[in-house]
Structures are given as structure tokens and as C-alpha cells.
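Listed here are the chains, written in short residue letters.
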Amino acid sequence: MSDTIFGKIAAGEITADIVYEDADVVAFRDLNPQAPVHILVIPRQPLPSLEQVDDQDAPLLGKLLVAAAKVARQEGIAKAGYRTVINCNAAGGQTVLHLHLHVLGGRPLQWPPG
Ligand code: DGP
């Protein structure tokens, strides 16, 4: 199933600047970066958002975080520090309904976010 733009990227139906992939996840550069490094990590499985997640998804969610850590090391931002974000649904700022984890780094990040 690939009914969102991210599903199509995971399926290889449209191109993206992919920086990491394995059997379960794909990571690629955000089209509209909010930091010098801004990468999206998605599951190949098309979960829409955290709203649908339950106990059976725990291994996959763990894989998203492990992939994020690998990508951060690969991009050279791990030691300085970086941020991971998962927006959930409209009020959370989610615009693409295929679960994705943002990895942002390469500049100091403010807290709290706006
Ligand atoms: P969110 O607001 O959490 O749903 O983040 C969606 C992000 O996806 C946003 O930062 C822009 C990015 N994005 C949207 N469409 C595309 C696309 O076609 N390719 C890539 N690489 N990124 C996209």
C-alpha cells in the first residue's frame, strides 16, 4: 500500500534523497528542511500516525529510533546533539499521514518549539 507521498517513496515509486534504508525503514532528506540536517525516518509499513499505534507496533517504533540514531551518527550531528520529533495529526502539525520521525540538527535548536 502506498497511498501517500511517503508510501510512494518507501515503495520506490517516486524519488527522494535516501540516506539510509533497511528491511523495515527508509530515511530521506526533508524537501523543506528546517535545519541544516533534516531527515525523515519512515516505516515501510504505512501506519498513518501515532494515533493508530499499539503494543504490536513497539518493535517497529524501536527500529525508527535506532535508524534515527544511525542517521544522526552518519550525518555527523550526534555528538553535538540533535532533535527527533513525531508530529501526530492536525493539531500536532502532521501534514503527511504516513508515520514519520523528523531528525533535525546542524544548528542550535530552541526549546520549547513554537
Ligand atoms: P509533518 O508536518 O510532520 O507531516 O512533516 C512532513 C514533512 O514532509 C515536511 O517537513 C515536508 C516533508 N515533505 C512533504 N512532501 C515531501 C516530499 O515529497 N518529499 C520529501 N523529501 N519531503 C516531503
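That block above? That's the structure.
It should be emphasised that the depicted structure is a prediction, and the values quoted were computed from it without experimental measurement. (Residues numbered from 1 in each chain as written. Predicted model: local features only at pLDDT ≥ 70, side-chain atom pairs only at ≥ 80, totals over all residues. Heavy atoms only, no water.)

Enquirer: So what exactly am I meant to see when it comes to the sheet that holds strand β4 (residues 82–85) here?
Expert: In a beta sheet, neighbouring strands pair by backbone hydrogen bonds and run either parallel or antiparallel. The 5 strands are arranged β1-β2-β3-β5-β4 in an open sheet whose pairing can be described as antiparallel. Bordering the open sheet on either side are β1 (18–21) and β4, each of which pairs with just one other strand. Across the sheet, the mean angle separating the axes of adjacent strands is 20° when strand polarity is ignored. Across 5 bridges, the pairing between strand β3 (residues 37–43) and strand β5 (residues 101–105) is antiparallel. Residue L40 lies in a different strand from β5, and its bridge partner there is H102. (Pairing = 2+ DSSP bridges. Helix = DSSP H or I, 4+ residues; strand = E, 2+ residues; numbered from the N terminus. Axes fitted to C-alpha atoms, helices over the stretch in contact; angles between N-to-C directions.)

Enquirer: Can you help me understand the nonpolar core in this one?
Expert: Counting 18 residues, the largest nonpolar core has Y20, A27, I39, V41 and V103 as the members making the most contacts within it. A total of 6 residues in this core trace back to one element, the largest contributor, which is helix α2 (residues 58–74). The residues contacting A27, other than those within four sequence positions of it, are D17, I18, V19, Y20, I39, L40, V41 and V71. (Core = buried A, V, L, I, M, F, W, Y, C linked by side-chain atoms within 4.5 Å. Buried < 20%, exposed > 50% of the residue type's maximum accessible area, 1.4 Å probe, protein only. Contact = heavy atoms within 4.5 Å.)

Enquirer: Teacher, can you tell me more about the pairing of β3 here?
Expert: Note on strand geometry: in a regular strand, side chains alternate between the two faces of the sheet. In terms of residue burial, β3 counts as a mostly covered element, since 7 of its 7 residues are buried. Burial along β3 is two-sided: the residues V37, I39, V41 and P43 and H38, L40 and I42 are all buried. Of the pairings in the sheet, the one linking strand β2 (residues 25–29) to β3 comprises 5 bridges and is antiparallel in character. Residue pairing for β3: V26 is matched across the bridge by I42.

Enquirer: In this structure, what is going on with the environment of S49? I would like to understand it.
Expert: Tracing the sequence through the fold places S49 in the loop between β3 and α2. The spatial distance from the C-alpha of S49 to the C-alpha of N89 is 6.9 Å, given a sequence separation of 40 residues. Setting aside its immediate chain neighbours within four residues, S49 contacts C88, N89, Q94 and L99. Within polar-contact distance, the side chain of S49 engages the backbone nitrogen of E51 at 3.0 Å. (Polar contact = N/O pair within 3.5 Å; in protein donor to acceptor, adjacent residues only side chain to side chain.)

Enquirer: Please clarify how the layout of surface pockets should be interpreted in this entry.
Expert: Where empty space is left in the structure can be found by rolling a water-sized probe over the atoms. The calculated volume of the largest pocket comes to roughly 730 Å³. For the largest pocket, the lining is made up of 29 residues, of which D30, N32, Q34, H38 and H102 are closest to its centre. Of all the elements, helix α1 (residues 5–10) adds the most residues to the lining of the largest pocket, at 3 residues. Its residues assigned to classes, the lining of the largest pocket comprises 13 nonpolar, 11 polar and 5 charged. (1 Å grid on protein atoms, 1.4 Å probe; cavity = no way out; pocket = protein on both sides within 12 Å on 5 of 7 lines; lining within 4 Å. Points joined across faces, edges and corners; volume = space filled by probe spheres on them. Nonpolar A, V, L, I, M, F, W, Y, C, P; charged D, E, K, R; others polar.)

Enquirer: Just to check I follow, could you spell out the site of the ligand for this structure?
Expert: The ligand sits among 15 residues. The nearest are D30, N87, G93, T95 and H102. Take N87: an N or O atom from its side chain is 2.8 Å from an oxygen atom of the ligand. Here an oxygen atom of the ligand and a backbone polar atom of T95 are 2.6 Å apart. Spatially, the ligand is embedded in the largest pocket. When residues of the shell around the ligand are traced back to their parent elements, those giving at least two are α1 and β2. The leading source of residues in the shell around the ligand is α1, at 3 residues. Class assignment of the residues belonging to the shell around the ligand gives a composition of 7 nonpolar, 6 polar and 2 charged. (Near = heavy atom within 4 Å. Sits in = over half its atoms within 2 Å of the grid points.)

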